[in-house]
Amino acid sequence: NGARGLRHVADLCYQKAHYAAARIAELPGYSLPMSGTFFREFVVQCPAPPSEVNRRLVDHKIIGGLDVSDQMPNGMLLCFTEMNSRQEIDALAKALAEIGSA
């Protein structure tokens, strides 16, 4: 069913984004500076400029987020969809932890 399928996809987006946010918020040097509800996008405050974090993520074959430092210091907007696997999210968290500890 179309409506049920759309609801399922939306639920997957929500669950994966919230899983990613929880994993990233646990990492030393990273925080979620904005409170409130979100669907599939959220801002992460990084321990280094997002341009540097994104450059280093490419070394891990990961495309990073949108640099929103003009609105939030060291802010990076991340987005997750139904296409992101738990393994990809875990790989991102591991790479961010490595980048944050350097």
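Undergrad: Describe the overall build of the chain, listing the residues and the values that go with them.
TA: When you go through the chain residue by residue, the secondary structure sums to 3 helices and 3 strands. When the elements of the chain are put in sequence order from the N terminus, they spell out α-β-α-β-β-α. At 14 Å, the chain has a C-alpha radius of gyration in line with the 13 Å of a compact globule built from 102 residues. Counting only C-alpha atoms and orienting by the principal axes, one finds that the chain spans roughly 50 × 25 × 20 Å. Taken over 102 residues, the chain has a buried fraction of 31%. Of the roughly 6,400 Å² of accessible surface on the chain, a fraction of 55% belongs to carbon and sulfur atoms. Side-chain charges of the chain comprise 10 positive and 11 negative groups, with the mean position of each set lying 7 Å from the other.

Undergrad: Which residues make up the side chain of Lys 16, and what values do they have?
TA: Its location among the elements puts Lys 16 in helix α1 (residues 2-25). Not counting residues within four places of it along the chain, the set of residues in contact with Lys 16 comprises Phe 80, Thr 81, Glu 82, Asn 84, Ser 85 and Ile 89.

Undergrad: Describe in detail the sheet that holds strand β3 (residues 75-79), supporting the description with residues and values.
TA: Spatial ordering of the open sheet is given by β1-β3-β2, a layout of 3 strands whose pairing is antiparallel. At either margin of the open sheet sits one strand with a lone partner, and together these are β1 (41-45) and β2 (66-67). When β1 meets β3, the two strands line up antiparallel, connected through 5 bridges. Opposite Gln 45, over in β3, you have Gly 75 as the bridge partner. Sheet strands touched by helix α2 (residues 50-59): β2 and β3. Its angle to β3, the strand with the most contacts, is close to 45°.

Undergrad: Go over the side chain of Asn 54 with me, naming the residues and quoting the values.
TA: Examined against the element boundaries, Asn 54 turns out to sit in helix α2. Under the relative-accessibility criterion, Asn 54 is labelled buried at 17%. When sequence neighbours within four positions are dropped, the list of residues in contact with Asn 54 reads Gly 64, Gly 65 and Met 76.

Each value, and the rule that gives it
- Residues numbered from 1 in each chain as written.
- Predicted model: local features only at pLDDT ≥ 70, side-chain atom pairs only at ≥ 80, totals over all residues.
- Heavy atoms only, no water.
- Helix = DSSP H or I, 4+ residues; strand = E, 2+ residues; numbered from the N terminus.
- Rg over C-alpha atoms; globule rule 2.2 N^0.38 Å.
- Buried < 20%, exposed > 50% of the residue type's maximum accessible area, 1.4 Å probe, protein only.
- Areas by Shrake-Rupley, 256 points an atom, 1.4 Å probe, with all protein chains shown as cover.
- Lys, Arg positive; Asp, Glu negative; His and termini not counted.
- Charge placed at Lys NZ, Arg CZ, Asp CG, Glu CD.
- Contact = heavy atoms within 4.5 Å.
- Pairing = 2+ DSSP bridges.
- Axes fitted to C-alpha atoms, helices over the stretch in contact; angles between N-to-C directions.

Remember, this is a structural readout, not a statement about activity or role.
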